[in-house]
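# Descriptive analysis of the structure
Here's the letter readout for the chains.
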Amino acid sequence: MPKKYWYVILTYVLAQLSGIIVGPIVKVLNIDLLNASVAWSIISFVLALIIIMYLLRDEIRQVCKRGATNIGTVLLWSLLGIFIAYFAQITMIIIETFVLGIKPGSENTFELMNIARAAPIFIVLISVLAPILEEVIFRKVIFGSIYKKTNFIIAGLASALIFGLMHSDNPHILTYTAMGLVFAFLYVQTKRIIVPILAHMSINTYAVIGQLSMDPEEIDRMLKE
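Conventions adopted
Residue numbers here run from 1 along each chain, matching the order of that chain's written sequence. The predicted nature of this model means local features are confined to residues of pLDDT at least 70 and side-chain atom pairs, given and counted, to a pLDDT of 80 or more, with totals for whole chains, interfaces and linings taken over all residues. To obtain the side-chain values, all non-hydrogen atoms of the structure were used and water was disregarded. Under the scheme used here, helices are H or I runs from DSSP no shorter than 4 residues and strands are E runs no shorter than 2 residues, and both carry numbers assigned from the N terminus. How far a helix is expected to stretch is found by multiplying one less than its residue total by 1.5 Å. Exposure classes here rest on a 1.4 Å probe applied to the protein chains alone. A residue is buried below 20% of its type maximum, exposed above 50%, and partly exposed in between. Whether two residues are in contact is decided by their heavy atoms: any pair within 4.5 Å suffices. Confidence scores per residue from the predictor, reported as pLDDT, run from 0 to 100. In this text, buried Ala, Val, Leu, Ile, Met, Phe, Trp, Tyr and Cys residues form a nonpolar core when linked through side-chain atoms within 4.5 Å. Put simply, a salt bridge is a Lys or Arg side-chain nitrogen that is within 4 Å of an Asp or Glu carboxyl oxygen. Any pair of nitrogen or oxygen atoms within 3.5 Å is treated as a polar contact; in protein, a donor-acceptor pairing is required on top of that, and neighbouring residues in sequence qualify only through side-chain atoms on both sides.

Moving on, we come to helix H5 (residues 71-99). Because each turn of an α-helix spans 3.6 residues, side chains separated by three or four positions end up pointing in the same direction. Spanning 29 residues, H5 covers 41 Å between terminal C-alpha atoms, matching the ideal 42 Å at 1.5 Å per step. Taken together, the buried positions of H5 are Val-74, Trp-77, Ser-78, Gly-81, Ile-82, Ala-85, Ala-88, Met-92 and Glu-96. Packed against the buried residues of H5 are helix H9 (173-190) and helix H10 (194-212).

A rise of 1.5 Å per residue sets the reference length of H9, with its 18 residues, at 26 Å; its end C-alpha atoms lie 26 Å apart and thus fit the reference within 8%. Those residues of H9 that fall on the buried side of the exposure criterion are Thr-175, Tyr-176, Thr-177, Ala-178, Met-179, Gly-180, Val-182, Phe-183, Ala-184, Leu-186, Tyr-187 and Thr-190. Lining the buried residues of H9 we find H5, helix H6 (107-118), helix H7 (122-149), helix H8 (152-166) and H10. Phi turns positive one or two residues past the end of H9, at Lys-191, with a value near 60°.

Turning to unusual backbone geometry, a few remarks are in order. The bulk of non-glycine residues show a negative phi, and the bulk of peptide bonds are trans. Located in the positive-phi region is Lys-191, a residue other than glycine, with phi close to 60°. Following the sequence through the fold, Lys-191 ends up in the loop between H9 and H10. Accessibility expressed as a relative area gives 52% for Lys-191, which makes it exposed.

On to the confidence of the model for the chain. Interpretation of this model should avoid reading the predicted coordinates in detail wherever pLDDT is low. On average, residues of the chain score 86 in pLDDT, and 91% of them are at 70 or above. For the chain, helix H11 (residues 216-224) is the element with the lowest average pLDDT, namely 57, and H7 is the one with the highest, namely 95.

Moving on: the nonpolar core. Counting 50 residues, the largest nonpolar core has Ile-52, Leu-133, Ile-137, Phe-183 and Leu-186 as the members making the most contacts within it. Residue contacts for Phe-183: discarding those within four places in its chain leaves Ala-85, Glu-135, Arg-139, Pro-196, Ala-199, His-200 and Ile-203.

Right, let's get into the environment of Tyr-187. As for its placement among the helices and strands, Tyr-187 is situated in helix H9. Residue Tyr-187 is classed as buried on the basis of its relative accessible area, which comes to 14%. Each C-alpha atom, one on Tyr-187 and one on Leu-198, is 11 Å from the other, the two residues being eleven residues apart in sequence.

Let us now look at the pattern of salt bridges. Two side chains that carry opposite charge are able to pair once their charged atoms sit near each other. Inspection of the entire model under this criterion finds three salt bridges. For Glu-59, the salt bridge identified is with Lys-4, shortest N-O distance 3.0 Å. Residue Glu-59 is located in helix H4 (residues 57-66), and its partner Lys-4 is located in helix H1 (residues 3-17); the two are separated by 55 residues in the primary sequence. Taking relative accessible area as the criterion, Glu-59 reaches 14% and is therefore assigned buried. The shortest N-O distance in the salt bridge between Lys-140 and Glu-59 comes to 2.8 Å. Taken together, the residues span a long stretch of sequence, with Lys-140 in helix H7 and Glu-59 in helix H4 at a distance of 81 residues.

Look at Lys-140 and you get buried, because its relative accessible area is 14%. At 2.8 Å, the side chain of Lys-140 forms a polar contact with the side chain of Glu-59. Aside from chain neighbours lying at most four places away, what touches Lys-140 is Tyr-5, Leu-56, Glu-59, Glu-135, Ser-145, Tyr-187 and Ile-193.

This is how it looks when you write it as structure tokens:
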């Protein structure tokens, strides 16, 4: 793996862990913890994205020059990717529920939606910033590096499992792994990371809209049942 890829991963990890510093600062300044945490999360992700784009600037220029896939194909594959990802997600949920006996519903998603209800700006992180960073890290960097030395199955499973584990929602690791494989497939087919990014953003946005349109008490009741 190129040295710059390690810097990219380190930047992402630091952005994820940087929230640790918010608590002590909030106590000193005596400000609202929720708003401070949301603001810092967005700022740290934006800064991480800027740094990562700078580190990958040469590769971005190369992709633009060689025209790996035209715009029409990008949009077509992005739309197709949304349906493939939903199919994979539904299939895994059925397996988790009826074969493995895992209760449907994600507490991790529920907690994120509670934050989004309290601070709507947080939706930007869920629907835009997180999908961009995750696809660059897990598909372009991790999957891409492993794929060059192995094959799609090994690279796809390895990167998808890491992708699932990073979401701290282990009961639903199969669902996250399936989604990761779909995004990796889209990346291989089009050779443009923008395709899985668009598919990922669309799925997250749809999930946010669906969750926010439901009564929080009803979701809580469903999770408990």
